[in-house]
Structure formats: structure tokens, C-alpha cells
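Structural overview
Chain by chain, the residues:
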Amino acid sequence: MTSAFNIDKLVRETVKGLQPYSSARDEYVSDGSKMIFLDANENPFENGLNRYPDPQQRSLKTLLSEQKQIPEQNILLGNGSDEVLDLIFRAFCEPNQDNIITLPPTYGMYKVLAGINAIENREVLLTSNFEPDVPQILEKIDKNSKIVFICSPNNPTGNAFQRKNIEELLENFSGLVVIDEAYIDFSENQSWISVLDNYPNLIVTQTLSKAYGMAGIRLGICYASAEIITILNKIKPPYNVNQLTQYQALKRVLDDTLVQEEVAQILNERKILVNALNEVVFIEKIYSSDANFVLVKVDDASKRYQQLLDANVVVRNRSNQPLCENTLRFTVGTPEENKKLIAILKELN
Ligand SMILES: *Cc1c(COP(=O)(O)O)cnc(C)c1O
């Protein structure tokens, strides 16, 4: 029950007592007036990047806060969502003692991060229609279960989970529920950030790597209660988001219209791609997608993967994932790329 939720019981003892590193840029916050900065041992000759970046990324947070209608105190930024996820592990999971719940087939990083942080990963398979098996999850939870990781829309299956399943978890688990929304901009479902106030145990992660087309700059976003954000801020490296990333992210997020146009085009291409895949004889099933990729079941995934490689097309073979035997995952490309993929698929035998 969320009524039993108590953040003090979840945070690691070492983190509770921690005094964060105080950087020069934390101690003196510029108010815009012309100052002489002799506090951080930087090279004084200006080249655009000789100064340390803002450790709190204020300009970017202000913009995201306006766009997403979420107060800045509920936002933390990281070096990709991978760093954000790692910070969550390190703040809340005691090595060799705590456990997390993941729902395969899903994004591989949760398991890798659990391994790195010496945290037991308890896996509860999705149901055959790729939904969280809520009774099984609640069954696996014990007093050392700190986090349930939910990826929605899910990678590699592509579907967004039903709202009531996630709600049931949020309401019946007194640990943290992390909803990874890397693909939310491709989904018709509303982001869970709109109900952040209702769930003190909810953490939502997003990224500029997919819909925003900025995988190269590494910018991940975490939305959560002010209490959770304060804890994560305590342990994050002071300058985890570099100046170039902050600058490029700001430009891109400001260009929201262009991003939305690209997303609309990708969604349109997804529809065209799915229609064409329906006519490929060795494709046995096309899973419905709320993301910018499509998972398909084929007759022989290794063979088809190799044939596509030979034709200079790289896709992802997801067959080693549970419930995903003989599946390939196609990212939606440009119209030309998708046309080529379809032409090649129709030629294969
Ligand atoms: C691609 C992806 C990410 C992105 O991670 P970044 O570190 O922000 O690039 C996160 N979660 C899922 C499920 C993904 O598929």
C-alpha cells in the first residue's frame, strides 16, 4: 500500500548520512551580473568551454519544467537514462542484501545494473500477451525488494502496458516503481508524469535518445517526488551533464515542433512498414507497437538476420529473450530505408 510508503525505510544508510560534494559552482550561483571567477581553478581564457557546466542544469530544467508542466524540484538530469537508473540503484539498493523485480522480455540494462551493484534480480515473465503478471510480481516481493522496473512502452515487445496493471503495482508495492518511458513520445498513452503527485513511490525516466533524436549527446531525465530527487542529487557526480550536452539538449527541446513532426512521420512510416510486413511470407506474427520499432516473429530468426546482414541491413535478433523465440526487431527508419528493407524482405527465400 502506498499509505505504508516511507522513503526513509528505502534509502541506504550510507546515503542517508552522506554529505554531497560541494563544487565551486554550487557554492556561488551566478545571478547574471558580471563577476570575475577565480573560484574553480579553470583556465581563464575564454573558448566557450573553459568553465565548468552548471551542476544543476538550470536552463534546461526550466524549459523541461515548462513544457512538461512538472516543477523543477521534481526533475533530475543524467548522462543518459542509464546513469539515472544507476543512481537509483546506488541510492536505494544495499549490495548483497536487497533485490529488484524485472519483467522479461525487457530492456537489458536493469539486469546489468543489478549485477554491477550486487543486487539480486528477481525475474517475473510477462504474460503471453506481454502484460505484467501482477499477482506473480506481488508474490515475489519481500521485505528486501526495493524496486520494480516497468518499461512501458516495453522494449523489445513494443507494447505499452495496460494502465490498471501499473496502477495495481503502484498501489500495492511499498517500494519504488520505476517506469521507463524511453518510447513514450511514440505512444498514444499519456505519460505517467501527469500523476506523479498521486504516487510517492513513482519514478518516471525519459530520454532524449529516441523520439528527440539525440542519442549522441546522452541526456536522460528522471521525474519523481522532491524527496526522491533530493536523494539522487546527493549522490550524482557534480558535473554529470556536460556543457555541450546541456547546450544541444536546450536547442533540441526548444525545437519541439520539429521533434513532433519527426515523431508523426515515424508513426506514419510504422504504419506503412507494418502493412508491408503483413505481406512477407516468412513473417508469422507482427506484434502491435507503441514505439518506433516493430517486433516480428519469423520462421528462422538466425537465417533471416544473416540474410538481412548480407543485404547490408542490420536489425536486432531478440530470439535469446524469453517469449521471443524467432523474433526480429526492426527500428522504423527513413521512408527510403523502410522501402529498401521491405523490398529486400520480399525478395528473400
Ligand atoms: C533506448 C532505451 C533507453 C535509452 O537510454 P539512454 O541511456 O537514455 O540512451 C532507455 N530505456 C529503454 C527501455 C530503451 O530502450
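Note that this is a predicted model, so its numbers are computed, not measured.

The subject of this paragraph is the overall build of the chain. A count of helices and strands for the chain gives 13 helices and 11 strands. Rg of the C-alpha trace for the chain: 22 Å, near the compact-globule value of 20 Å for 349 residues, within the 12% margin. If one aligns the C-alpha atoms of the chain with their principal axes, the spans along those axes are about 70 × 50 × 30 Å. Across the 349 residues of the chain, 50% fall into the buried class. The long-range share in the chain, meaning contacts at least 24 apart out of those at least 6 apart in sequence, stands at 68%.

The next subject is the packing of aromatic side chains. Applying the stated criterion across every chain yields a total of seven aromatic pairs. Here Tyr107 and Tyr110 contribute two aromatic rings whose centre-to-centre distance is 5.5 Å and whose plane-to-plane angle is 75°, an arrangement assigned as edge-to-face. Taken together, the ring pairs in this structure connect Phe89, Tyr107, Tyr110 and Phe149 into an aromatic cluster. The aromatic ring of Phe282 is capped on one face by Arg304, whose charged end is 3.8 Å from the ring centroid. Above the plane of the ring of Phe293 lies Arg329, whose end atom (NZ or CZ) is 5.6 Å from the centre.

Those residues carrying the UniProt feature "modified residue: N6-(pyridoxal phosphate)lysine" (unreviewed entry) are Lys210 in this numbering. Structurally, Lys210 is set in the loop between β6 (202-207) and β7 (220-223). Accessibility expressed as a relative area gives 30% for Lys210, which makes it partly exposed. Dropping the residues within four chain positions of it, Lys210 is found in contact with Ala182, Tyr183 and Phe186.

A separate point is unusual backbone geometry. With omega at 0°, the peptide bond leading from Pro104 into Pro105 counts as cis. Mapped onto the fold, Pro105 is located in the loop between β2 (99-102) and α6 (109-116). One non-glycine residue, Gln57, lies in the positive phi region at around 45°. Structurally, Gln57 can be placed in the loop between α3 (24-27) and α4 (58-68). Assessed through its relative accessible area of 1%, Gln57 is described here as buried. One non-glycine residue with positive phi stands out, namely Phe130, at about 60°. Residue position: Phe130 is located in the loop between β3 (120-123) and α7 (134-140). In this structure Phe130 comes out as buried when scored by relative accessible area, which is 5%.

According to UniProt, the "domain: Aminotransferase class I/classII large" (unreviewed entry) feature falls on residues 47-343. Across residues 47-343, the secondary structure splits into 38% helix and 17% strand, with the terminal C-alpha atoms separated by 49 Å.

Our focus in this paragraph is the sheet that holds β2. Across the sheet, seven strands lie side by side as β1-β7-β6-β5-β4-β2-β3; this open sheet has mixed pairing. Strands with a single pairing partner mark the edges of an open sheet, and in this sheet they are β1 (75-78) and β3. Each strand axis lies, on average, 25° off the axis of its neighbour in the sheet, ignoring direction. By the bridge criterion, four bridges tie strand β5 (residues 176-180) to β6 in an arrangement that is parallel. Note on β6: the bridge partner recorded for Val178 is Ile203. Across the sheet, α4 lies against β1, β6 and β7, angled at about 125° from β1, the strand it touches most.

Packing of α4 against helix α10 (residues 243-254) brings their axes to within 9 Å, and their N-to-C directions diverge by 25°. Classed by the angle they form, the pair α4 and α10 counts as roughly parallel. Relative to α10, α4 is oriented so that their crossing is left-handed. Between α4 and α10, the residues in contact are Ser59, Leu60, Leu63, Leu64 and Gln67 and Gln246, Ala249, Leu250, Val253 and Leu254, respectively. In terms of residue class, the contact of α4 with α10 is built from seven nonpolar, three polar and no charged.

What follows covers the domain arrangement of the chain. Each domain of the chain was delimited in the assignment, giving domain 1 (7-254) and domain 2 (257-347). Taking only C-alpha atoms into account, the centre of domain 1 sits 29 Å from that of domain 2. Contacts between domain 1 and domain 2 engage 22 residues on the former and 21 residues on the latter. Taking both partners together, domain 1 and domain 2 bury about 1,800 Å²; carbon and sulfur atoms supply 63% of that area. In this assembly, domain 1 and domain 2 are joined by one salt bridge. Between Glu262 and Arg252 there is a salt bridge, with its nearest N and O atoms 2.8 Å apart. The interface formed by domain 1 and domain 2 includes five residue pairs in polar contact (both at pLDDT 80 or more). A breakdown of the residues in the side of domain 1 that touches domain 2 according to their chemical character gives 12 nonpolar, eight polar and two charged.

This part is about the site of the ligand. If you check the shell around the ligand, you find 13 residues, and the closest are Ser81, Tyr183, Thr207, Lys210 and Arg218. The separation between an oxygen atom of the ligand and a polar main-chain atom of Asp82 is 3.1 Å. The separation between an oxygen atom of the ligand and a polar side-chain atom of Tyr183 is 2.6 Å. Counting residues per element, the shell around the ligand draws most heavily on helix α5 (residues 80-92), which supplies three residues.

Thresholds, definitions, all that
- Residues numbered from 1 in each chain as written.
- Predicted model: local features only at pLDDT ≥ 70, side-chain atom pairs only at ≥ 80, totals over all residues.
- Heavy atoms only, no water.
- Helix = DSSP H or I, 4+ residues; strand = E, 2+ residues; numbered from the N terminus.
- Rg over C-alpha atoms; globule rule 2.2 N^0.38 Å.
- Buried < 20%, exposed > 50% of the residue type's maximum accessible area, 1.4 Å probe, protein only.
- Contact = heavy atoms within 4.5 Å.
- Phe/Tyr/Trp six-rings, centres within 6.5 Å; stacked < 30°, edge-to-face > 60°.
- Lys NZ or Arg CZ within 6 Å of the ring centre and 35° of its normal.
- UniProt positions renumbered as here; feature names shortened; annotations may be inferred.
- Pairing = 2+ DSSP bridges.
- Axes fitted to C-alpha atoms, helices over the stretch in contact; angles between N-to-C directions.
- Parallel < 35°, antiparallel > 145°, perpendicular 65-115°, else oblique.
- Left-handed = near helix turned anticlockwise from the far one by under 90°.
- Nonpolar A, V, L, I, M, F, W, Y, C, P; charged D, E, K, R; others polar.
- Domains from an automatic or database assignment.
- Buried area = accessible area lost by both parts, 1.4 Å probe.
- Salt bridge = Lys/Arg side-chain N within 4 Å of Asp/Glu carboxyl O.
- Polar contact = N/O pair within 3.5 Å; in protein donor to acceptor, adjacent residues only side chain to side chain.
- Near = heavy atom within 4 Å.

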